[in-house]
Amino acid sequence: MRLWLAAVGRSRGGPTRDLFDEYVGRLSWPFTLKEVEVKKRLSSDELKRQEAELLLAAVPAGAIVVALDERGKALPSETFAAKIGDWRDRGAGDLAFLIGGADGHGDAVRARADLLLAFGPMTWPHMLVRGMLAEQLYRAQQILAGHPYHRS
Ligand SMILES: C[S@@+](CC[C@H](N)C(=O)[O-])C[C@H]1O[C@@H](n2cnc3c(N)ncnc32)[C@H](O)[C@@H]1O
């Protein structure tokens, strides 16, 4: 199974990028980051619409899509790991995660997503969410391997 992250914004390095790189470097699944950006001054709705188009175009057509969204469902790490294991065991070739920009996701992303995943109801900076996701993917990998990294 290949993992994809399509995310709004370009990382310029620094601590959030280090956090992300640290955990992506520990993943056994092939992982591809696609950064997208709309560089025009637009209304919030139009910006979200164009960003949604770019995010969805950045991931394979048949992928399972998980959109990171504070209004989504918060899952225990074990449940998140079990979902990934289930998708893997059902033969999913591509699992794609989408992180929105400052205004959040457009409707097309919510409509396409197989899961809206929340890291709690608070709003986190999008660059930090990349690192949080990478850590949870590493944690899921270790849970599925029966490794003691995750102690519940
Ligand atoms: C700064 S937030 C956007 C907040 C925006 N005001 C909204 O209403 O969605 C940028 C992106 O970070 C991610 N994000 C922020 N907080 C999150 C959370 N608690 N759970 C999951 N994703 C989150 C989402 O992908 C969001 O689109």
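Nothing here was measured: the structure is a model prediction, and the numbers come from that model.

A. Highlighting the site of the ligand. Every one of the 20 residues lining the ligand counts as a neighbour, but L68, R71, F119, G120 and M122 are closest to it. In the environment of the ligand, a nitrogen atom lies 2.9 Å from a nitrogen or oxygen atom belonging to the backbone of G120. Coverage of the ligand by the protein amounts to 88% of the 560 Å² it exposes when considered alone. Of all the cavities here, the one that holds the ligand is the largest pocket. Of all the secondary-structure elements, those providing two or more residues to the shell around the ligand are β3 (64-74), β5 (115-118) and α5 (126-144). Residue contributions to the shell around the ligand peak at 4 residues, all from β3.

B. Local environment of empty space enclosed by the protein. Going through the model one piece at a time under the given rule, you end up with 1 cavity of 30 Å³ or more. The space that makes up the largest cavity amounts to roughly 30 Å³. In terms of lining residues, the largest cavity is bounded by S11, T16, R17, F20, M127 and R130. The set of elements that each furnish at least two residues to the lining of the largest cavity consists of α1 (15-24) and α5. With 3 residues, α1 is the single largest residue contributor to the lining of the largest cavity. Class assignment of the residues belonging to the lining of the largest cavity gives a composition of 2 nonpolar, 2 polar and 2 charged.

C. Representation of the UniProt feature "binding site: S-adenosyl-L-methionine" (unreviewed entry) in the protein chain. Under the local residue numbering, the UniProt record ascribes the feature "binding site: S-adenosyl-L-methionine" (unreviewed entry) to L68, G100, F119, G120, P121, M122, T123 and W124. Set against the largest pocket, the annotated residues named above that line it are L68, G100, F119, G120, M122, T123 and W124. If we ignore the near neighbours within four places in the chain, the residues touching G100 are V8, H105 and H126. Within the element layout of this structure, T123 appears in the loop between β5 and α5.

D. Representation of the pairing of strand β4 (residues 94-99) within the structure. Among the 6 residues of β4, 6 are classified as buried, and the element is accordingly described as predominantly covered. Relative to β4, strand β1 (residues 2-8) is paired through 6 bridges, and the arrangement is parallel. Paired with L3 across the bridge in β4 is L95. For the crossover that starts at β3, traverses helix α3 (residues 77-89) and ends in the parallel β4, the hand is right-handed.

E. Layout of the nonpolar core. Within the largest apolar cluster, 29 residues are counted, with the highest numbers of intra-cluster contacts made by F97 and L137. Taken together, the elements giving at least two residues each to this core come down to β1, α1, β3, α3, β4, β5 and α5. Broken down by element, the residue count for this core peaks at 6 residues, all from α5. Contact partners of L137, with chain neighbours within four places excluded, come to L3, L27, W29, F31, F80, I84 and F97. Formed by 15 residues, the second largest nonpolar core is a distinct cluster that contains W4, L55, A63 and A96.

F. Structural context of the side chain of H150. Following the sequence through the fold, H150 ends up in the segment after α5. Taking relative accessible area as the criterion, H150 reaches 18% and is therefore assigned buried. At 3.0 Å, the side chain of H150 forms a polar contact with the side chain of R139. When sequence neighbours within four positions are dropped, the list of residues in contact with H150 reads S77, E78, R139 and I143.

G. Inspection of the packing of aromatic side chains at higher detail. Taken as a whole and assessed by the stated rule, the structure comprises 4 aromatic pairs. Taking the centre distance of 5.8 Å and the plane angle of 65° together, the rings of F20 and F31 count as edge-to-face. Taken together, the positions of F20 in helix α1 and F31 in strand β2 (residues 31-36) put the pair 11 residues apart, joining distant regions of the chain. Each member of the pair F20 and F31 is classed as buried.

Parameters and conventions
Residues numbered from 1 in each chain as written. Predicted model: local features only at pLDDT ≥ 70, side-chain atom pairs only at ≥ 80, totals over all residues. Heavy atoms only, no water. Near = heavy atom within 4 Å. Polar contact = N/O pair within 3.5 Å; in protein donor to acceptor, adjacent residues only side chain to side chain. Areas by Shrake-Rupley, 256 points an atom, 1.4 Å probe, with all protein chains shown as cover. 1 Å grid on protein atoms, 1.4 Å probe; cavity = no way out; pocket = protein on both sides within 12 Å on 5 of 7 lines; lining within 4 Å. Sits in = over half its atoms within 2 Å of the grid points. Helix = DSSP H or I, 4+ residues; strand = E, 2+ residues; numbered from the N terminus. Points joined across faces, edges and corners; volume = space filled by probe spheres on them. Nonpolar A, V, L, I, M, F, W, Y, C, P; charged D, E, K, R; others polar. UniProt positions renumbered as here; feature names shortened; annotations may be inferred. Contact = heavy atoms within 4.5 Å. Buried < 20%, exposed > 50% of the residue type's maximum accessible area, 1.4 Å probe, protein only. Pairing = 2+ DSSP bridges. Right-handed = clockwise from strand over helix to strand, strands pointing away. Core = buried A, V, L, I, M, F, W, Y, C linked by side-chain atoms within 4.5 Å. Phe/Tyr/Trp six-rings, centres within 6.5 Å; stacked < 30°, edge-to-face > 60°.

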